[in-house]
Amino acid sequence: MITTSRPPSVNSVGPDGDPFSAFLRPPASETDHERVTRLQREADAKRISDSIDEEIKADRERMRKSRQDIRLLLLGQAESGKSTLQKQFQLLYNPAGLDDERTSWRTVIYFNIARPIARILEALDAFGDSEDDEDLGSDGPYAPADLRALSGMPVSSVSSELTADEKSLSPSQLSLEKQISSFRSRLAPLLAAETSLATRLSDGVDVSGSGKGSVFVRSGWQSKTRGFSFGRGRERTNSGGRFSFSGRTSTEDKRGNEMELQARRAEVQEDALVREVASILATCQKDIRELWSLPAVKKLRDRRRLKLEEWAEYFLNNIERVSAPGYLPTIEDILHARIQTMGVAEHVFDMAVHGRNTRWHLFDVGGARGQRHTWIPYFDDATAIIFLAPVSAFDQYLDEDPRTNRIDDSLQLFKQICSNTLLKRAHLVLFLNKTDVLRAKINNNVKVNKYITSYGDRANEYDTVVAYFKAHFTQVHRRNNESSRVLFTHLTSAVNTKAMQSIITDVRDSIFRGYLKSAALV
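**Some details on unusual backbone geometry**
Of note, Arg304 is a non-glycine position whose phi angle comes to about 60 degrees, a positive value. Within the secondary structure, Arg304 is located in the loop between helix 12 (295-302) and helix 13 (310-317). One non-glycine residue, Asn445, lies in positive phi territory at about 65 degrees. Examined against the element boundaries, Asn445 turns out to sit in the loop between helix 17 (435-443) and helix 18 (462-479).

**Some remarks on a nonpolar patch on the surface**
A cluster of nonpolar residues, Ile48, Ile52 and Ile56, forms a patch on the protein surface that exposes about 250 Å² of accessible area. By secondary structure assignment, the location of Ile52 is in helix 2 (residues 32-66). Ile52 sits in the partly exposed class, given a relative accessible area of 42%.

**Quick word on the pairing of strand 7 (residues 384-390)**
On a regular strand, one side chain projects to one face of the sheet and the next to the other, so that they alternate. Of all seven residues in strand 7, seven are buried; the element is thus mostly enclosed. What you see with strand 7 is no split at all: Ala384, Ile386, Leu388 and Pro390 on one side and Ile385, Phe387 and Ala389 on the other are buried throughout. Two strands pair when backbone bridges link them, and strand 7 and strand 8 (residues 427-433) are joined in this way by seven bridges, in the parallel orientation. Bridging across to strand 8, Phe387 finds its partner in Leu430. Following the backbone out of strand 7, through helix 16 (residues 406-419) and into the adjacent parallel strand 8, one traces a crossover that is right-handed.

**Overview of the nonpolar core**
Counting 54 residues, the largest nonpolar core has Ile113, Ile117, Ile120, Leu124, Ile288 and Leu291 as the members making the most contacts within it. Of all the elements in the fold, those that place two or more residues in this core are helix 5 (105-127), helix 8 (176-186), helix 9 (188-202), helix 11 (250-292), helix 12, helix 13, helix 14 (319-322) and helix 15 (331-336). Every residue in contact with Ile120, bar those within four places of it in the chain, is listed here: Leu291, Trp292, Val297, Leu306, Leu308 and Leu316. Ranked by size, the runner-up nonpolar core spans 41 residues in total, among them Trp375, Tyr455, Phe469 and Phe473.

**So, the pattern of salt bridges**
For the structure on display, the rule yields 21 salt bridges. Residue Glu30 is joined to Arg38 by a salt bridge in which the shortest nitrogen-to-oxygen separation is 2.7 Å. Using a relative accessible area of 17% as the deciding quantity, one classes Arg38 as buried. The salt bridge involving Asp395 is made with Arg304; its shortest N-O contact spans 2.4 Å. Pair noted here: Asp395 is in the loop between strand 7 and helix 16 and Arg304 is in the loop between helix 12 and helix 13, with a separation of 91 residues, a long-range link. Of the two residues examined, Asp395 and Arg304, each falls in the buried class. Bridged by salt links that share partners, the residues Arg369, Arg372, Asp401, Arg403 and Asp409 form one connected network.

**Thoughts on the environment of Gln86**
Here Gln86 shows up in helix 3 (residues 82-93). For Gln86, a relative accessible area of 5% corresponds to the buried category. Separated by twelve residues in the primary sequence, Gln86 and Leu74 have C-alpha atoms spaced 8.1 Å apart.

**Focus on the packing of helix 5 against helix 9**
Axis separation between helix 5 and helix 9 bottoms out at 9 Å; the angle between their running directions is 135 degrees. Taken together, the axes of helix 5 and helix 9 are oblique relative to one another. Crossing of helix 5 over helix 9 shows left-handed handedness. Touching Thr107, Val108, Tyr110, Phe111, Ala114, Arg115, Ile117, Ala118 and Leu121 of helix 5 are Leu190, Leu191, Glu194, Leu197, Ala198 and Leu201, all from helix 9. Across the contact of helix 5 with helix 9, the residue classes tally to twelve nonpolar, one polar and two charged.

How each quantity is defined
- Residues numbered from 1 in each chain as written.
- Predicted model: local features only at pLDDT ≥ 70, side-chain atom pairs only at ≥ 80, totals over all residues.
- Heavy atoms only, no water.
- Helix = DSSP H or I, 4+ residues; strand = E, 2+ residues; numbered from the N terminus.
- Patch = residues over 30% accessible without salt bridge, like charges linked within 9 Å, V, L, I, M, F, W, Y side chains within 5 Å.
- Areas by Shrake-Rupley, 256 points an atom, 1.4 Å probe, with all protein chains shown as cover.
- Salt bridge = Lys/Arg side-chain N within 4 Å of Asp/Glu carboxyl O.
- Buried < 20%, exposed > 50% of the residue type's maximum accessible area, 1.4 Å probe, protein only.
- Pairing = 2+ DSSP bridges.
- Right-handed = clockwise from strand over helix to strand, strands pointing away.
- Core = buried A, V, L, I, M, F, W, Y, C linked by side-chain atoms within 4.5 Å.
- Contact = heavy atoms within 4.5 Å.
- Axes fitted to C-alpha atoms, helices over the stretch in contact; angles between N-to-C directions.
- Parallel < 35°, antiparallel > 145°, perpendicular 65-115°, else oblique.
- Left-handed = near helix turned anticlockwise from the far one by under 90°.
- Nonpolar A, V, L, I, M, F, W, Y, C, P; charged D, E, K, R; others polar.

The structure is reproduced here in structure tokens:
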């Protein structure tokens, strides 16, 4: 028999004991200073190792608890009311946080005033007091576009330059063209401030494929205007579509301190900007009211040459209060304030539902076409979805694609959500939103069949229109419902706090019951 000696194993203990111990043993010539340095280095390494172990343990515990949390996605196209619904959740379950943000919303509200003023003046420049009553149904700020304005040609051959005597007159005492010129001159500081406000809010971000003239903000934009983070809201860390929990290291603490200093500097700068715009509004308040009440503006709106969103009308109708010294936004103002979300913002609420405390993660998503790809990582662990469809948008078209009616886009998007396999187990709720705006349009005799040809000769009445749109969304769900999921539908106006709080409570209870059922707890 041939025998060979086995090579020594790392686990073998020879005459000199454990080989690793021999390797780690300090040299015999080690001095006292070297010994102290070595022991300090070993103590630091052990402390770091123990800290990492604690972080891993804490991460595991957080992940274990997070599996029991409820994750609610707010989905829908841009301007469907998702962020307003998020504010209603915050008002109901974290009112102190919303109250803390009041001053930061002044920047948005001032922007929501400056931009419509610019659009009104653009429409007046393009159309003036034109008697042409044709409406081609475009969704731009005025429709259709006036070729003279688009090409840069003057709207009229009549000079709009003001003489010295005319400059001393109020706009109402001048001819229309000179009124427009006077308004432009008097409101020039506000028009200039629009760019500064937009830059401050968006931090210079420009989103491609997201429509014309839009200003987008990231999660936590409030910190740029106030110097504090957005309550308990945060941007979700993308780690393969999952949460990425991590402990704070000294490097992160340092980075956090630097960000806080930057936020404080931004607060000082923003305060200066807000004070300046507030002063401009106080000075221009009378001119804004005169412009808004100008017969030519009313004629453009009646003939749908000038289309302003509901939030623009709200703030222009309240310009005297909003421009008053010491103005602080009310909850109603915050609910009406409009700014577009970029990416996905997470907001966390602790709710006690039927005696059981549960943490809810609410995700408010950017709804523009260029933003919808950011939704996908949030689908795999979604507990429930609230899909918002603005039924008042039947006469509007996408900024990103002027050929696509917004109702058609909502139906197509809802079909994608209903048929998505990642969402087949998620509780599904449909909000047919902005019913108050729909009712106002119907009362103003805006014809649905002019924009939705399939509506046919049905009665142009609120109940009939709502039933028609509800039937179409229900049909989309029925045709894409392989898992026999129930669809819960609500008619909503997201700015109506009293009605929304009742609906949110009902939706919360139904989602929670579905959550318990899926977790085999009932």
